Every structure is written in C-alpha cells, then in structure tokens.
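Residue-level structural notes
What follows is each chain in one-letter form.
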Amino acid sequence: MSPAVSVVIPVFNEEAGLPLLFERLFPTLDGLGRSFEVIFVDDGSSDRSVELLRECVKSRPDCARALILAQNAGQHLAILAGFERARGAAVITLDADLQNPPECIAEILRAMDDGADYVGTIRETRRDSQWRTHASRWINRIRERITRIRMTDHGCMLRGYDKRIVEAMNRSREVTPFIPALAYIFARHPVEIVVRHEERAAGNSKYSFLHLIRLNFDLMTGYSRVPLQIFSWVGIATAVASLLFVVFLAIRRLVVGPEAAGVFTLFGIAFFLIGCVLLGLGIIGEYVGRIFDQVRDRPRYVVAEFVVADVAQETPNNGAVSPGTLRAVP
C-alpha cells in the first residue's frame, strides 16, 4: 500500500550530519500519525554517506530507502530522481544539513490539508552569512522580475508537493530543472508559509558564490526569454542612439570642419558597443547551450543502486523496527 507521505532528501558528502538527521527526522515522522517513506538520494558522495544510508535503511526497513546515483548530478536532478520513486500522496523535500528543521514538516502537511497543492517556505530568520543573505535577497528580486515566478525564498528546499505536481515534473524532460520554479508553473493553489531556519548541523555548504550565480542564471534563462528581449531592446536603443550620433557628427563636420579631437571618445564608444555585442553573444550562447544539452537527450542521471530492505517482522506499535536484509532493486 502506498504511504501517505514521501520525504525526499538529497545527500552529498553529509557524513558528519547524517546521524543527527536520523535522530531528529524519524521521531518527527513517527509522531505525524500518517504512513510515510523516506527516500535518501546520494548524489555521488565521496565520503561515508552511502555507508551511513545503508545502515539507516537496515535499521528502519519499514520506511527508509536509499537511491545511489553513479555520479554527481546536482541537487535538483537528485530530487527528481527521488520523485520518480516516491509513492506518497504528499511529497516533501528536505535538505540533509538540518538548516530546515524536520519538525516543520507537520506545518507543511497542515497547509496541504487546507487545500494547497504546492507549499513553498520562507526562512524566518536566516542563519547564513551576511553576504550570502544579501546576495540571495537581490538575486531573488531580479529573478522574480525576469521570470514572473512568485517565490519569496527560492533557496529554501523544505517544500511540499501534491502527487499530481510531482507526476507532472516527472514527465518534464528538462536537462537543468529548478524544482521550486517548475512546481510553481504546474501548481493551481500555491501557498507560502514561514518556517524556522537553523545553522548547519555539521560540515560546510556545497554552494559557493559562483555556484549560486550559475544556479540563478540557469533559472532565469530556463524559465524566461526576458534576457533575450532585454538585449533586443538594448540593441534597438543603441542603434537609434548611434544613428543620431552619426547625424550629429556629420552636421558638426559641415559647421565646424574636420577635427582631430574626440578620437579617444570614439574609441570609448566603440569598446562599449563591442562589450554589448559580446554580452549579447554570451546570453544567446546560454540559450543555444541549453538547446544543445536538451537535443543530445542523454540520461540526466544514472542510478547505480536502489537500496531497500526486507522487513524481518511486523513493526511494533512503539515504532521500533527489527533490522531487515538489504537488497538492491532496479
């Protein structure tokens, strides 16, 4: 029988924090009073994360499963890999670093019980560094204006999705998806709620500043043509301004006569226009690159192993589970 709730957790080199996650996650889910499953997706970890996930599946064979990817595919593709295995009517995504407390899952489920088919979250008090907080805020504003996707805090991955939306995302074959934005497109009754935000339990963030810029650039070019349209309007405005400037220079030459001055000004204008052209080529290249990646139609990720456990005996009412036997399934 399918569980009521599926929790999908991408994992990448979280050896230090996984034991703490297990300690908080499973008691929280046991207290929900609903059937559930937890799908951990290892995104090509190089530490002992896979070993710890195997031990977790063995200790909680009634609900824990582990999807092991052959190589690092990225957080969002790892989540999509988990979505394809999720069976719950409500699907929750959660990061493994405990910055979003598992205890907040109950709040998301309450919002879904009230009729929401997509529950976004807003971090109440961010525990990130100052530069990261301010950079994220400005990027959010730019992204919202360009894509028209209304997400107050797109960096918080603690979210809830109705099964219908998950199935729609599974049918999408985008090479570089952004899960919250993709879900927003398919949602009929999206809502946002405020959740707590804590400091990372252990380890360091896997997102560098350049990675965050790249992620948001993918978001803007993947869900909007506005960058191309902006450059088209800049090109039109530059062409009109250049034409007017040529007319001005022609009239000035007739009135004043030949001049040697102003050469460096013209050089400055020329270099500025060359910079605009290169910027436009870069934007066009981003879109062409996305098309190139899409038409190659390569697998977005490769599953090395899907680890489940055969339950040795019935689960007692107190939530204790006898260790099961691990097995890999296709």
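Structure: above.
Quick summary incoming for the structure in this document. Small disclaimer: the values here were computed from a predicted structure and weren't measured.

What counts, and where the lines are drawn
- Residues numbered from 1 in each chain as written.
- Predicted model: local features only at pLDDT ≥ 70, side-chain atom pairs only at ≥ 80, totals over all residues.
- Heavy atoms only, no water.
- Salt bridge = Lys/Arg side-chain N within 4 Å of Asp/Glu carboxyl O.
- Helix = DSSP H or I, 4+ residues; strand = E, 2+ residues; numbered from the N terminus.
- Buried < 20%, exposed > 50% of the residue type's maximum accessible area, 1.4 Å probe, protein only.
- Phe/Tyr/Trp six-rings, centres within 6.5 Å; stacked < 30°, edge-to-face > 60°.
- Lys NZ or Arg CZ within 6 Å of the ring centre and 35° of its normal.

1. Some remarks on the pattern of salt bridges
For side chains of opposite charge, pairing can occur when their charged atoms come near one another. Per the stated rule, a full pass over the model turns up 11 salt bridges. Arg 34 serves as the salt-bridge partner of Asp 113, at 2.6 Å between the closest nitrogen and oxygen. One end of the pair, Asp 113, is in helix α4 (residues 105-113); the other, Arg 34, is in the loop between α1 (18-30) and β2 (36-42), with 79 residues separating them in the sequence. Note on Arg 34: relative accessible area 30%, which makes it partly exposed. Asp 62 serves as the salt-bridge partner of Arg 60, at 3.2 Å between the closest nitrogen and oxygen. Judged by its relative accessible area of 10%, Arg 60 falls in the buried class. Bridged by salt links that share partners, the residues Glu 15, Arg 48 and Glu 51 form one connected network.

2. A short note on the packing of aromatic side chains
In total, this model carries 4 aromatic pairs according to the counting rule given. Ring centres of Phe 22 and Phe 26 lie 6.3 Å apart, and the angle between their planes is 45 degrees; on these two criteria the pair is classed as tilted. Of the two residues, Phe 22 and Phe 26 both sit in helix α1, 4 residues apart, roughly one turn of that helix. On the accessibility criterion, Phe 22 (15% relative accessible area) is buried. Residue Phe 26 is classed as buried on the basis of its relative accessible area, which comes to 5%. With a centroid separation of 5.6 Å and an interplanar angle of 70 degrees, the aromatic rings of Phe 83 and Tyr 161 are classed as edge-to-face. Note that Phe 83 is positioned in helix α3 (residues 75-85) and Tyr 161 in strand β6 (residues 159-162), a separation of 78 residues in sequence. Accessibility classification places Phe 83 together with Tyr 161 in one group, the buried group. Three or more aromatic residues joined by ring pairs make a cluster, and in this case those are Phe 22, Phe 26 and Phe 40. Residue placement shows Arg 85 over the ring face of Phe 306; its charged tip is 4.5 Å from the ring centre.

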